[in-house]
Amino acid sequence: MREEILELTRNTKETQISMKLKIYGSGVAKIDTGIGFFNHMLEAFTKHSLLDLEISCKGDTHVDFHHSVEDVGIVLGQLLKEALYPLSGVERFGEASVVMDEAAVFCALDLSNRAYLVYENFNQNAKVGEFDTELVEEFFRAVAINSAITLHLNQIRGKNTHHIIEATFKSFAVALRRALAKNARIGTPSTKGVL
Ligand SMILES: [Mn+2]
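The structure displayed is predicted, hence computed values, not measured ones. Per chain, residues are indexed from 1 in the order of the written sequence. Local features in a predicted model are, by the rule used here, given only for residues with pLDDT of at least 70; side-chain atom pairs are given and counted only at 80 or more, and totals for whole chains, interfaces and linings are based on all residues. Calculation of side-chain values draws on the structure's entire complement of heavy atoms; hydrogens and water are dropped beforehand.

(A) Molecular detail of the overall build of the protein chain. Within the protein chain one finds four helices and 10 strands. Helix and strand definitions follow DSSP, with helices as H or I runs of at least four residues and strands as E runs of at least two, each counted in order from the N terminus. For the protein chain, the sequential pattern of α-helices and β-strands runs β-β-β-α-β-α-β-β-β-β-β-α-β-α. Each radius of gyration is computed over the set of C-alpha atoms, and the globule rule expresses the reference value as 2.2 Å times the number of residues to the power 0.38. Taking 2.2 N^0.38 as the reference for a compact globule, 195 residues should give roughly 16 Å; the C-alpha atoms of the protein chain span a radius of gyration of 16 Å, in line with that estimate. Viewed in the frame of its principal axes, the protein chain has a C-alpha envelope of about 50 × 40 × 25 Å. Three exposure classes are used, based on accessible area relative to the maximum for each residue type with a 1.4 Å probe and protein chains only: buried under 20%, partly exposed in between, and exposed over 50%. Taking all 195 residues of the protein chain together, the buried fraction comes to 53%. If you take every contact in the protein chain between residues at least 6 apart in sequence, the share linking residues at least 24 apart comes to 77%. For the protein chain, the exposed area adds up to about 9,000 Å²; of that, 47% sits on carbon and sulfur atoms. Placing the 21 positive and 25 negative side-chain charges of the protein chain at their respective mean positions leaves the two points 7 Å apart. We call two residues in contact whenever any of their non-hydrogen atoms come within 4.5 Å of each other. Method for areas: the Shrake-Rupley scheme with a 1.4 Å probe, in which residue coverage is limited to the protein chains shown. In this charge count, Lys and Arg are treated as positive and Asp and Glu as negative; neither His nor the chain ends contribute. Charge placement uses NZ in Lys and CZ in Arg. For Asp and Glu, CG and CD serve respectively.

See below:
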């Protein structure tokens, strides 16, 4: 585990991203992805995960938001992986059901050092404002693959797409916070001896 501030810069022809992450922070966010709705979701994620997260992304949003959303997920995943492994002295498993008005989303995750995404039962409008809602799955796939977290997200119920997506980001935040909870009785939380 690495508890200091970790930094990563990633530049391609599609996006220029710089990010700072502290996994045991206090929920302080400084987020500028160039996409208002995505900023709002990442601020909610930071607040409820109790990470500290700084993101600057300048992307080709004149094309659409796909590259920016996916690449922010890649960099966040890479920083999480660097911070997490080898895993030691934490709960490892976390889950959370988060409700927001009529919407409910369930997240279960395992800091397993194995990447996997299950993203099921989501039923949303195609857009929230300018934001294509199919990008939410792209974001979480990029995070899961690059962080080597096993991540399950399921919509339980909901009608309002903004509520559903916000509950999704918050459920991931709370599940991650719970998985990162320190437990002095746990050494390496695996019978394999290393994660
Ligand atoms: Mn909101």
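(B) The arrangement of unusual backbone geometry in detail. Y85 connects to P86 through a cis peptide bond whose omega is 0°. Structurally, P86 is set in the loop between α2 (66-84) and β5 (93-100). Positive phi, close to 50°, is recorded for D101, a residue that is not glycine. Along the polypeptide, D101 turns up in the loop between β5 and β6 (103-110). On the basis of relative accessible area, D101 is assigned to the exposed category, the value being 66%. At A148, a residue that is not glycine, the phi angle is positive and equals roughly 60°. Summarising the element assignment, A148 is placed in the loop between α3 (135-147) and β10 (150-157).

(C) Spotlight on the sheet that holds strand β4 (residues 52-59). Ordered in space as β1-β2-β4-β3, the four strands form an open sheet in which the pairing is mixed. Only two strands of the sheet have a single partner each, and these edge strands are β1 (6-11) and β3 (29-32). Taken pair by pair, the neighbouring strands of this sheet meet at an average axis angle of 5°, ignoring direction. A pair of strands is treated as paired once DSSP finds two or more bridges between them. In the sheet, β1 pairs with strand β2 (residues 15-22) via six bridges, with the strands oriented antiparallel. When the sheet's bridge partners are listed, R10 is paired in β2 with I17. Structural elements are reduced to axes, namely lines fitted to C-alpha atoms, with helices fitted over the stretch in contact, and the angle between N-to-C directions of any two is expressed from 0 to 180 degrees. Lying over the sheet, α2 contacts β1, β2 and β4, oriented at roughly 35° with respect to β2.

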